[in-house]
Amino acid sequence: MYPMIFGIIDSYVVMVLLGLVSIFFLFEVYMKHVGAPKQLMYSCELNACVSVIVGLISAILVQNVYDFIEKGDAYKWTWAMTFYGGLIGGALTFLLIYFFHERKKYGPFMRKYAFRIAPAMIALAHAFGRVGCFLSGCCYGKPTDSWMGVTFPGMSEKVYPTNLMEAIFLFILAGELIFLALKIDFEYNFVDYLISYGIFRFLIEYLRGDHRGSFVPGISPSQFWSLGLIAIGIGMGIYIYITNKKAEATAS
């Protein structure tokens, strides 16, 4: 693997930055494609920047909470991150800014455009991050003799490249979500993302080999949050369906 590029640049950081650049580029292209107001674009981008910063901080804090629960007195601060911690912190920040600052002025536009491309942006950024994990040799899987096994630096046996497997899945999911976002009449983008990624992450956790603690017996922390994602996705899908049916009944 290549944890350092040219021996001086952290490959994980490079991939995270590439992910951020790609999602802002995608957002710009998409919003121009649908003819969204420029002020809405600028407002969403500022909101996204703040949310990303808070998400990175929360990803680090949540990982440290995991470590503290697991190690107790042996706990030491780490700069490692967990995706779900970042997703929760970033999403809550974005929604808070939306409800208290943007909803009155841009609510209809954001629901029609920004919220439909947002799931693709999350999946795309996450995909680049997982490539970074592969290059750095973290978030790896259990030992295997399979043809797909990879030997990371410092290991004496092959393991499942769960980081790369997840990256491939996320790139495919991002492509699908971009396609759906271009279909302006499709409203279930977030439902698709939440359920699809939740199921995939829950299942691939059985192949993960890096121990990250556990606060729920029998399942990993990521499996716990995955179940939450699936439940939210199902609930959101039901809410959208019922809301649309009521709107149709009122219109008729």
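Residues numbered from 1 in each chain as written. Predicted model: local features only at pLDDT ≥ 70, side-chain atom pairs only at ≥ 80, totals over all residues. Heavy atoms only, no water.

Quick word on the overall build of the protein chain
Here's step 1: Of the regular secondary structure elements, the protein chain holds six helices and two strands.
Here's step 2: Its helices and strands in sequence order give the protein chain the pattern β-β-α-α-α-α-α-α, from N to C terminus.
Here's step 3: Taken against the 2.2 N^0.38 rule, which gives 18 Å for 252 residues, the C-alpha radius of gyration of the protein chain at 19 Å falls within 12% of a compact globule.
Here's step 4: The principal-axis extent of the C-alpha atoms belonging to the protein chain is close to 65 × 40 × 40 Å.
Here's step 5: Each of the 252 residues in the protein chain was classed as buried or not, and the buried ones make up 44%.
Here's step 6: Contacts in the protein chain between residues at least 24 apart in sequence constitute 65% of all its contacts with a sequence separation of at least 6.
Here's step 7: When the accessible surface of the protein chain is totalled, it reaches about 13800 Å², and 71% of it is carbon and sulfur.
Here's step 8: Averaging the positions of the 19 positive and the 17 negative side-chain charges in the protein chain gives two centres separated by 8 Å. (Helix = DSSP H or I, 4+ residues; strand = E, 2+ residues; numbered from the N terminus. Rg over C-alpha atoms; globule rule 2.2 N^0.38 Å. Buried < 20%, exposed > 50% of the residue type's maximum accessible area, 1.4 Å probe, protein only. Contact = heavy atoms within 4.5 Å. Areas by Shrake-Rupley, 256 points an atom, 1.4 Å probe, with all protein chains shown as cover. Lys, Arg positive; Asp, Glu negative; His and termini not counted. Charge placed at Lys NZ, Arg CZ, Asp CG, Glu CD.)

Things to note about the pattern of salt bridges
Here's step 1: Counted under the stated rule, the structure contains six salt bridges.
Here's step 2: Residue Glu28 pairs with Lys32 through a salt bridge whose shortest N-O separation is 3.9 Å. Here Glu28 pairs with Lys32, and both are found in helix α1 (residues 11-33), just four residues apart, close to one helical turn.
Here's step 3: Of the residues examined, Lys32 reaches a relative accessible area of 61% and is grouped as exposed.
Here's step 4: When the shortest N-O distance is used, the salt bridge between Glu166 and Arg130 registers 3.0 Å. Remark: Arg130 occurs in helix α3 (residues 83-136) and Glu166 occurs in helix α4 (residues 162-182); sequence separation between them is 36 residues. (Salt bridge = Lys/Arg side-chain N within 4 Å of Asp/Glu carboxyl O.)

Points about unusual backbone geometry
Here's step 1: If you check the backbone angles, Cys139 has positive phi at about 55° while not being a glycine.
Here's step 2: Among the structural elements, Cys139 can be located in the loop between α3 and α4.

Here we look at the nonpolar core
Here's step 1: Core analysis: the biggest nonpolar cluster contains 45 residues, and Phe27, Met31, Met110, Ile117, Tyr193 and Tyr197 have the highest contact counts within it.
Here's step 2: Of all the secondary structure elements, the ones that give two or more residues to this core are α1, α2 (38-71), α3, α4 and α5 (189-204).
Here's step 3: Residue contributions to this core peak at 20 residues, all from α3. (Core = buried A, V, L, I, M, F, W, Y, C linked by side-chain atoms within 4.5 Å.)

Describing the environment of Trp79
Here's step 1: Relative to the helices and strands, Trp79 is located in the loop between α2 and α3.
Here's step 2: The class for Trp79 is exposed, based on a relative accessible area of 65%.
Here's step 3: Through-space distance from the C-alpha of Trp79 to that of Gly154 is 20 Å; in sequence the pair is 75 residues apart.

Let's talk about the packing of α1 against α2
Here's step 1: Running from N to C, α1 and α2 cross one another at 160°; their axes reach a closest spacing of 11 Å. Relative to α2, the element α1 lies roughly antiparallel. The hand of the α1/α2 crossing is right-handed. Contacts from Leu20, Phe24, Phe27, Glu28, Met31 and Lys32 of α1 reach α2 at Leu40, Met41, Cys44, Glu45, Ala48, Cys49 and Val52.
Here's step 2: Among the residues making up the contact of α1 with α2, the classes are represented as 10 nonpolar, no polar and three charged. (Axes fitted to C-alpha atoms, helices over the stretch in contact; angles between N-to-C directions. Parallel < 35°, antiparallel > 145°, perpendicular 65-115°, else oblique. Left-handed = near helix turned anticlockwise from the far one by under 90°. Nonpolar A, V, L, I, M, F, W, Y, C, P; charged D, E, K, R; others polar.)

Notes on the environment of Leu182
Here's step 1: Here Leu182 is to be found in helix α4.
Here's step 2: We classify Leu182 as partly exposed; its relative accessible area is 43%.
Here's step 3: A C-alpha to C-alpha distance of 8.4 Å links Leu182 and Ile117, two positions 65 residues apart in sequence.

Describing the packing of aromatic side chains
Each aromatic ring pair is summarised here by two numbers: the centre-to-centre distance and the angle between the ring planes.
Here's step 1: Summed over the entire model, instances satisfying the criterion amount to 14 aromatic pairs.
Here's step 2: Ring geometry for Phe83 and Tyr84: centres 5.6 Å apart, planes at 50°, overall tilted.
Here's step 3: Put simply, the rings of Phe83, Tyr84, Tyr193 and Tyr197 touch in pairs and so form one group of aromatic residues. (Phe/Tyr/Trp six-rings, centres within 6.5 Å; stacked < 30°, edge-to-face > 60°.)

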